[in-house]
Amino acid sequence: MSNPFDRPSGPNGPDGPQRPGGPGGPGAQRPAATSRRPGALVITAIILVLGFMLLSGFASFWTERLWFGSVGYSGVFTTLLLTRIGLFLVFAGLMAATVALSMAMAYRFRPVLWPGMPGMPDDGMDRYRQVLAPRMGWVIAGASMVMGLFAGASATGQWRSYSLWRHSESFGTTDPYFEKDVGFYVFELPFWHYLVDYVMALAVVGLLASVVMNYLFGGIRLSARPGERLTSAAQIQVSALLALFVLAKAVDYWLDRYDLVTNSGSIFTGMGYTDDKAVLPAKEILAGIAIVCALLFLANIWRRTWLLPSVGVALFALSAIILGLIVPTLVQAIRVNPNVPDREGPYIAANIEATRAAYQLDQIETRPVGGGAQVDGRLEALDGVTDGVPLVDPQIVSEIFEQQQQVRAYYSVPNVLDVDRYEIDGQDRAVVLGVRELDQSGLAEGDQNWSNLHTAYTHGNGVIAAFANQRPEDDSTQQTGIQWAEGAEADEDTLTRLAGPDGYETRVYFGEQSPTYSIVGLDPSGNPVEFDLPQGDRSEEDVATTYDGKAGVPIGNLVNQLLYAVRFSEPNLLLSSRVHDNSKILYDREPRQMVEKVAPWLTVDSDPYPAVVDGRIQWILDGYTVTDKYPLSQRESLEEMTDDSLQENTGFQTLPTDEINYLRNSVKATVDAYDGTVSLYAWDEEDPILKAWQKVFPDVVQPKDAIPDALTEHLRYPEDLFKAQRYQFQRYHETSASAWFEGSSRWEVPSDPQLTSRLQPPYRLFTDTGEGETWSLTSVYVPRDKENNLAAYMAVNSDATSEDYGKVSVLELPNEPTGGPLQIANTFSTNEDVSQALLPYTTGDADRVPGNLLTLPVNDSFIYVQPVYTRRDGESNFPILRFVLVSYEGRVGIGTTLTGAIEDALLAEATSGDETEEPTEEPTGEPTESPGASPTEEPSEEPTTPSGSTQQQIRELLRQAEAKFSQADAAQQAGDTVRWARLMEEGRELIEEAVRLAG
């Protein structure tokens, strides 16, 4: 008996010519083996890819868990995980159950005779039925699981709204239209919207599943006669699901009513006239019509006719078009547009009140000031109120910090330094400082190997600080050079001595420029391998250290090494001998990122700043609670509100949108620069959003009274909050609805005089707005579209130890011409005396570098101060402060110190006073410095000296100074810093002599 699978062995068999040796020979076996091998390889490859993907996902998940444990916030990770898993299971389960039930019922109640059976017309679906029917259980399970996964994944992203909904708080304030507490809009309404949208999605997906299944198995027959196209079972399913959808839509319309107080209109955010008179009634009517339509669909279960539901749906659609589109458009065009101020007036007033409350603008004190100065003592008085003015520009002097204090190429400071204050000898001093952080790009290219980058060069070292007012530690007289409060030399140790006899921990493992990851821990041989900076001198001798802080994940075991090798795609974590039993891995070390991870509900300020507190470098950060659901408050982009010339990419975590209309500085946070300890402290303990999140993540935020006193001294009013407030206040300082709409009194933040395409940033300094000098954050306003004038001065008390901390004061100027920052900057740049004084420093390869243009109130007047730096071409050259410019009462003064500039301005004023009796040519042509202490007759005799010889002397002095500067450049390139400093000083003295002769 022959085998049915045997093939003819001849050369002309059905499969073509055969290999020699017949079917049983070795040649006949090879093709079969070859045909199996590709299949096995493909399966193996798929298994390997899936295995790697699973391993990669697990490595990311598990290493994230280990990171939270290393910083002591495992509870946050667990809460987030359980909340997301719970949401996934509930919403995925409901969706899967709906799909499975819809499909199962459609299949269970399919007609006994369906198309394609004997006696029934064929609809072309028979082949699909033959494939699906034997596997229907698997089909239903697969479809329901897929849809469930999509729904569950979507639900996990709602963990914020769900958590706030579950732990909602009361604001104690209601809106004027629905009389609902603000907490309803902030905490409850967003999640109710999601639930309604989810129910509609359930109805739609269930309806699609039911229709497809009924169509496949004959429950729906499009070719049948009207009235017979749906079976009874199909009609019941379709009617019930449509009723569910329309009923959910009715609830959605009802909830949409409340959105009217948070929606953004063309003029303002919140309820408007058209919303109140047309849109609100329309949504209520449409909700009623939707309920009627739902009842008609339910009635269709028994009446078995689609006439009434069809009429209902047509009426519903027509009503939505008329009531939702046409009527509001007509009301806006006929009732509102011809008379906007009167129609929108009450609604604008509600918007003003809500916005001022949401941004705490209603707590700002505004008082008018005059235009005339009332200062007694003149020079002495002005010198007293300006002795703390920060002449050290945090942006410009970054280069000086780099050149003079970075003793190794692999350290750097930020491009824009921070400003803080320290109490020194009982007096508060403003200090410009930056952390000396690790910059691995400074390593030689040949040294940038894995061992160096991740095990040797692991951390920065210490802070660099300079006194902002360019006066020494004793705050005596202003100097012409940088006065260091902390540096690399042994005598530059003010902050070290303030920290105590043992100084402070200088090693910086957690910072803004920290490497992606570092492997730390003492080698089993006992030899440290991490490079450190020698203290107290500029020695080139290498010093080694070992991290022994609390943070970091142990990776001494093979499992953790494998997981991190997968996470960072780095096999050396498994192979290198630098990874041993004592090793820890440090990663995710940027302070802002760390706070955002342990408090994912916070929006963190874009500018962490360092402070030396209790012997440690602490990064201090401000955390905000925000929402875009505060009723009637003006909604704006946080990034736009905080934009200025110093602002870089913020990357604010303000989910789900960058637009907000409520902002509170609810949390102060610190990150220890050495061991990575993250501490969160409640600051605005009355904030309802903070209270809700404290219920979600208990014991994460410590109470306000837990803040150490030493830390409180360095807390400050956050810049991003201040910038958001100044942005809103430029329009919302006006409380009259009509004036607000007209915009005639609107202010603007001026452009930065040095970068007119960006706004001027706020400045930190000691200022007095009428209640004594305080550590403040300040800014100015100009009238809209008229930047040459000054409109107002804004300052907030930034001293966290003061009872008036956070008090914002605004000094409003009268409607009289008063120079604004751009006009003053233009005056400085075109002033003849200034140009003559700077001429020797800005010839050849030297450039003028203007510093921050600062505005200070002096009783009822204002004084402008601007440091002016010069810089010569060359990578090794840095800006040097040459002069200080002052504008006071319309007069410009210049000097090598602020006191000298003020004196020069006062003399210019006195000279201008003589102009009423003498020709203008004489006083304006002889700007002098020496007459400050002598009668005016003396300088009037100076021009008797032959001008030719004086000019020759000046030219010779300038030639000698230029030679000194050239020699100084050569000395600097040769690394001789002592000779460089001496030559620079000699050149400066020659320039001063030339200036004296010219003056």
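See the structure shown above.
Cut-offs and rules
Residues numbered from 1 in each chain as written. Predicted model: local features only at pLDDT ≥ 70, side-chain atom pairs only at ≥ 80, totals over all residues. Heavy atoms only, no water. Phe/Tyr/Trp six-rings, centres within 6.5 Å; stacked < 30°, edge-to-face > 60°. Helix = DSSP H or I, 4+ residues; strand = E, 2+ residues; numbered from the N terminus. Buried < 20%, exposed > 50% of the residue type's maximum accessible area, 1.4 Å probe, protein only. Lys NZ or Arg CZ within 6 Å of the ring centre and 35° of its normal. 1 Å grid on protein atoms, 1.4 Å probe; cavity = no way out; pocket = protein on both sides within 12 Å on 5 of 7 lines; lining within 4 Å. Points joined across faces, edges and corners; volume = space filled by probe spheres on them. Nonpolar A, V, L, I, M, F, W, Y, C, P; charged D, E, K, R; others polar. Core = buried A, V, L, I, M, F, W, Y, C linked by side-chain atoms within 4.5 Å. Pairing = 2+ DSSP bridges. Axes fitted to C-alpha atoms, helices over the stretch in contact; angles between N-to-C directions. Left-handed = near helix turned anticlockwise from the far one by under 90°. Parallel < 35°, antiparallel > 145°, perpendicular 65-115°, else oblique. Patch = residues over 30% accessible without salt bridge, like charges linked within 9 Å, V, L, I, M, F, W, Y side chains within 5 Å. Areas by Shrake-Rupley, 256 points an atom, 1.4 Å probe, with all protein chains shown as cover. Salt bridge = Lys/Arg side-chain N within 4 Å of Asp/Glu carboxyl O. Polar contact = N/O pair within 3.5 Å; in protein donor to acceptor, adjacent residues only side chain to side chain. Contact = heavy atoms within 4.5 Å.

> Teacher, can you tell me more about the packing of aromatic side chains here?
One pair of aromatic rings is described through two measures. These are the centre distance and the angle between the planes. The tally for this structure, following the rule as stated, stands at 46 aromatic pairs. Ring geometry for phenylalanine 171 versus phenylalanine 187: centroids 5.9 Å apart, planes at 35°, classification tilted. With phenylalanine 171 in the loop between α5 (159-166) and α6 (182-216) and phenylalanine 187 in helix α6, this pair connects stretches of sequence that are 16 residues apart. Neither residue differs from the other here; phenylalanine 171 and phenylalanine 187 are each classed as buried. In textbook terms, an aromatic cluster arises when at least three aromatic residues are bridged by ring pairs, as seen for Phe91, Tyr162, Trp165, Phe191, Trp192, Tyr194 and Tyr198. Positioned over the ring face of tyrosine 107 is arginine 110, at 4.0 Å from the centre of the ring. Across from the ring centre of tryptophan 67, 3.9 Å away, lies the NZ or CZ of lysine 597, which sits over that ring.

> Please explain the layout of surface pockets as it appears in this structure.
One water molecule sets the probe size; rolling that probe over the atoms shows where empty space is left. Size it by volume and the second largest pocket reaches roughly 960 Å³. Lining the second largest pocket are 40 residues, and of these Val416, Asp418, Ser606, Asp607 and Leu646 sit closest to its centre. Contributions of two or more residues to the lining of the second largest pocket are made by β3 (418-424), α17 (591-598), α21 (719-732) and β25 (763-768). With three residues, α21 is the single largest residue contributor to the lining of the second largest pocket. Class assignment for the residues of the lining of the second largest pocket results in 17 nonpolar, nine polar and 14 charged.

> Any chance you could explain the nonpolar core here in plain terms?
In summary, soluble globular proteins display a tendency toward joint burial of nonpolar side chains. Counting residues in hydrophobic clusters, the biggest one holds 159 residues, and the most contacted among them are Tyr73, Tyr564, Leu573, Ile585, Trp601, Leu680 and Phe697. With 16 residues, the top contributor of residues to this core is α6.

> Where do I start with the pairing of strand β10 (residues 517-520) in this structure?
A regular strand places its side chains on the two faces of the sheet in alternate fashion. A two-sided burial pattern is seen for β10, the buried positions comprising Tyr517 and Ile519 on one face and Ser518 and Val520 on the other. Of the pairings in the sheet, the one linking β10 to strand β14 (residues 584-587) comprises four bridges and is antiparallel in character. When the bridges of β14 are listed, isoleucine 519 appears paired with isoleucine 585.

> I would appreciate a short explanation of α17 in the present structure.
Structural remark: α-helix, 3.6 residues per turn; residues separated by three or four positions point the same way. Among the eight residues of α17, seven are classified as buried, and the element is accordingly described as predominantly covered. Along α17, the residues that are buried comprise Pro591, Arg592, Met594, Val595, Glu596, Lys597 and Val598.

> Even after reading the chapter, I still don't get the packing of helix α2 (residues 74-108) against helix α4 (residues 136-156), so can you show me in this structure?
Packed helices, taken two at a time, are described by the angle their axes make and the gap between the axes. Remark: α2 packs on α4, axes separated minimally by 7 Å, with the N-to-C direction vectors making an angle of 145°. Handedness of the crossing formed by α2 with α4: right-handed. For the contact of α2 with α4, the class distribution of residues is 20 nonpolar, four polar and one charged.

> Explain the packing of helix α8 (residues 273-303) against helix α9 (residues 307-336) here, please?
For the pair α8 and α9, interaxial distance at closest approach is 9 Å and the crossing angle is 180°. Here α8 lies roughly antiparallel to α9, going by the angle between them. Of the residues in the contact of α8 with α9, the class split is 21 nonpolar, five polar and two charged.

> I'm lost on a nonpolar patch on the surface in this one. Help?
A cluster of nonpolar side chains, contributed by Leu318, Ile321, Ile322, Leu325, Ile326, Leu330 and Ile334, occupies part of the molecular surface with about 650 Å² of accessible area. Following the sequence through the fold, leucine 325 ends up in helix α9. Judged by its relative accessible area of 54%, leucine 325 falls in the exposed class.

> Could you clarify how one ought to interpret the sheet that holds β10 in this entry?
The strands making up a sheet associate through hydrogen bonds between their backbones, and the pairing can be parallel or antiparallel. In spatial order, the strands read β10-β14-β13; together these three strands make up an open sheet with antiparallel pairing. Each edge of the sheet is formed by a strand with only one pairing partner; in this case those strands are β10 and β13 (553-554).

> Before we go on, may I ask you to explain the sheet that holds strand β7 (residues 463-467) in this structure?
In space, the four strands of this open sheet follow the order β3-β4-β7-β8, with antiparallel pairing throughout. Pairing within the sheet leaves two strands with one partner each, and these edge strands are β3 and β8 (484-486). The mean inter-strand angle of the sheet, taken between neighbouring strand axes irrespective of direction, is 40°. For β3 and strand β4 (residues 427-435), the ladder comprises seven bridges, and the chain directions are antiparallel. Pairing of aspartate 420 across the sheet is with valine 431, part of β4.

> Explain the side chain of asparagine 797 here, please?
Tracing the sequence through the fold places asparagine 797 in strand β27 (residues 792-797). A polar contact of 2.9 Å, which involves the side chain of asparagine 797, links it to the backbone nitrogen of aspartate 799. Leaving out residues up to four positions away in the same chain, asparagine 797 has contacts with Tyr717, Thr774, Trp775, Ser802, Asp804, Tyr805, Gly806 and Lys807.

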